[in-house]
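Each chain, letter by letter, is given below.
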Amino acid sequence: LSHDFHERVNDFARYLWMTHSGTVSEDEFILRLPHMLQTQIIEDTRMRHINACPFFHSLQNDVVESLALCMRQLVFCAGDIIIHAGDMGSEMFFLDRGTVRVVSSDHKTIYATLSQRGAFFGETCLFLNKPRSTSVCAQTFCDVFQLGKDDLFNELKRRDIDLAQMRELFFNIHRENERRNKAIEGNLIRCKEPQSKLNKIIDADNQESNEQVVPKIFLPGTSFRFIWDVFTTLGIIYYALSVLYQIAFRTVDEENTAVGIEILFDLFFIIDCYALRSTQFAFMENGILHQSKGDIIKHYKKNGMIPDVVASISLLDIIFPSYHFRLLSLVRILRLPYFLDSLCAHLDERGIRISLASNLLAKIVLLYMIACHEISCIWFIIHRYVERGKELTWATSDCPLGGDTGSDACLAMWSDELQQHNVCNMDTLNDCYIRAFHFSLTTLSTVGYGDISPATELETIWELCVVLVGACFLAALIGAFGAYLQQNDTTGRNSFYAKLDRVKQYMRFRNIPPDIQSSILFFHHCRWEASQTLDERETLSLLPQPLQLDISFAVKEKVIHTVPILESLPIIIQKRIAHALRPQVYAPRDNPIIYNVGDIGWDVFFISSGFVSISLPDDATELDAAGKANWTAIQNKFDSTGLVLGPGSHIGESCLCSNSGVRQETVIAATRVEIYALCRDDLDDICQVMGSSKGGALKKCLISRTAQVVIDDTDHCDEEVDSRVTRRKKQSSGKRNTFLFHAS
């Protein structure tokens, strides 16, 4: 999937964790509680919205409580379309958190912006049987409660409540909304007149908003931001490696050269801090692009402004040469994990995927090596500057070439005449750095060879600090490696093999024939190779419904465009169908039979790739009553389409208007074929949202195999569709009504 989907999923997961503490479904959480606690939570979170809605003021408290039990908690991302104009809706929504906009069907006119807790929308469908006239879009992340039409009317009918007063209140509000919408549309027309006051006001607002838009190169994800973040990361790593190293090991000439490089990096970070990152670098938060300077500076204050400002003081080293100022630049190391995450996001946007576990492991290893380097430099600083006049130090007692302590065979040699040891007795200072790094690495890794050890109280105290840091890094490394291995076990091929083992155990327990076992294993292997999961809909079930639709359409867009009937549908209907499609794979050798004549099935199959062979029965005795009545039509249909169907065709459409679901033909894979199954119940739900005329036209085209959907006024199978959908909703409603009384 594209980087946009990764960002949307990450933003949703982040919002879910920060706002809901990772709880995906409040209903599942509440269901585990005792009866009294369930009642109290429902009263506090849901009943207040129903009580505040004017339609329900006349209802008794027990009715309101029953309606609150029927409400479902939903979360939507910024930019999600909660309600689509033109849909035959069957639910209303109560806003619990966030901001939504009520817009026209073309999304060009904004009728209202709702942000007050308890605001409701979509109520028209409860009282009027007509398509929705407006769309509702989530402007920010939104928590809403959904109340279904069937749930409402079932509760009212069960108590013999008159709907007249409720309908009267609704129509009053409905007329007020229509009056307001017409006034808005009239104002939009008048604002286009150059001499009108509205035109001047809107132009002033547009100029003000345009002043707050940053240049495109500063937007998140641009090549400039990528290159800039790369140089920023390299600069931080350079400071982490160079500052203490210069103090500990550099000569005067080398220090002068390094200071010149650091001045260039200082100027770079001054521009980064005061000119770009605080005013120009736009950012994404909760799926919303923030470009105003006020939002940018506020975000920067929360995310690293203080370390950057403190580190920029190191530039005073130019005026007042002192290592004390230069040490302040090390504060930028605190920003290193942030920029490493930014680089991962840039790479992800460019198609290079780095998992969270791999990212964590890489950051821990990098910080571990930087810590070893810094500790090595501090060891030598203690030896070179703090303990210059002490005969016995860790360096004078480290004799890799053999010999007595302080001799010329040691890392440093003691001079009785000068009463101090020299800096390094090796050929170069780099040789001393290698020994210091060896000392630090063996200590941090808890190996401790013992060839180098602290010799003074100060060195012992520092050694204890190093041991504590090493213990923390050891725990972090173990945790990072554990997360990396766990990710492979839960989401990698190991998890697939574990699930496959459970499938094999079940098949052995049920004594399933070997040929069927082979077909089942073949199907699971094909699904895993195609999507790295065995059930895509279950994987997506944690996400908001609009995001599920977008991802499903992105994955199955090729299939939709392969089938002419589906390609001619509106984009929102294509997304809903794509989300309902279930992939299946068949092959002549491993899994050849799609279905046999006389089988019972309720799926329509769309062929994505490969070819299938169709065979009709010799007579109509194996068919149900509908099949026998349409036997001649069935033969004529396949005479015109042929008995071999390929990509873009569909099979099994006879179940759409069948009461028994008996298959009228046998379909076998002639080659390796990938097909997508659409359940009749899912299609009924989609057709009901489309409306009777449009939904009936779609079903008619599938049955008659018309190339494109032509909308007409015929209600083909619509009464049957509505009755089936109503029955299913009553069954699900009955299950939800046991929600509160589950414990008792």
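In this report, we go over the structure that sits alongside the text. (Residues numbered from 1 in each chain as written. Predicted model: local features only at pLDDT ≥ 70, side-chain atom pairs only at ≥ 80, totals over all residues. Heavy atoms only, no water.)

Comments concerning the nonpolar core
With 52 residues, the main nonpolar core has Phe249, Phe380 and Trp394 as its most contacted residues. Among the secondary structure elements, those contributing two or more residues to this core are α9 (223-249), α10 (252-277), α14 (336-349), α15 (356-386), α16 (429-444) and α17 (457-491). Ile42, Ala68, Phe127 and Phe170 belong to the second-largest nonpolar core, a separate cluster that totals 29 residues. (Core = buried A, V, L, I, M, F, W, Y, C linked by side-chain atoms within 4.5 Å. Buried < 20%, exposed > 50% of the residue type's maximum accessible area, 1.4 Å probe, protein only. Helix = DSSP H or I, 4+ residues; strand = E, 2+ residues; numbered from the N terminus.)

Description of helix α23 (residues 571-580)
With 8 of 10 residues buried, α23 is to be regarded as a mostly interior element. Along α23, the residues classified as buried are Ile572, Ile573, Gln574, Arg576, Ile577, Ala578, His579 and Ala580.

Description of the packing of helix α1 (residues 3-20) against helix α21 (residues 545-562)
α21 packs onto α1 with a crossing angle of 155 degrees between their chain directions and a minimal axis gap of 11 Å. The angle between the axes of α1 and α21 places the two elements in the roughly antiparallel class. The handedness of the crossing between α1 and α21 is left-handed. Between α1, through Phe5, Arg8 and Val9, and α21, the contact on the second element is made entirely by Leu547, Asp550, Ile551 and Ala554. Here the residues of the contact of α1 with α21 sort into 5 nonpolar, no polar and 2 charged. (Axes fitted to C-alpha atoms, helices over the stretch in contact; angles between N-to-C directions. Parallel < 35°, antiparallel > 145°, perpendicular 65-115°, else oblique. Left-handed = near helix turned anticlockwise from the far one by under 90°. Contact = heavy atoms within 4.5 Å. Nonpolar A, V, L, I, M, F, W, Y, C, P; charged D, E, K, R; others polar.)

Observations regarding the sheet that holds strand β3 (residues 91-97)
With respect to topology, 4 strands assemble into an open sheet ordered β1-β8-β3-β6, the strand pairing being antiparallel. Since the sheet does not close on itself, it has two edges, and those belong to β1 (72-76) and β6 (120-121), each with one partner. Helix-sheet contacts for helix α6 (residues 149-158) involve β3 and β8 (142-148), and the interaxial angle to β8 is about 50 degrees. (Pairing = 2+ DSSP bridges.)

Structural notes on the pattern of salt bridges
Enumeration according to the criterion identifies 24 salt bridges in this entry. The partner of Asp550 in a salt bridge is Arg8, with the nearest N and O atoms 3.1 Å apart. Placement of Asp550 in helix α21 and of Arg8 in helix α1 is noted, with a sequence separation of 542 residues between them. Grouping residues by exposure puts Asp550 and Arg8 together as buried. (Salt bridge = Lys/Arg side-chain N within 4 Å of Asp/Glu carboxyl O.)

These results come straight from atomic positions and should not be treated as a statement about function.
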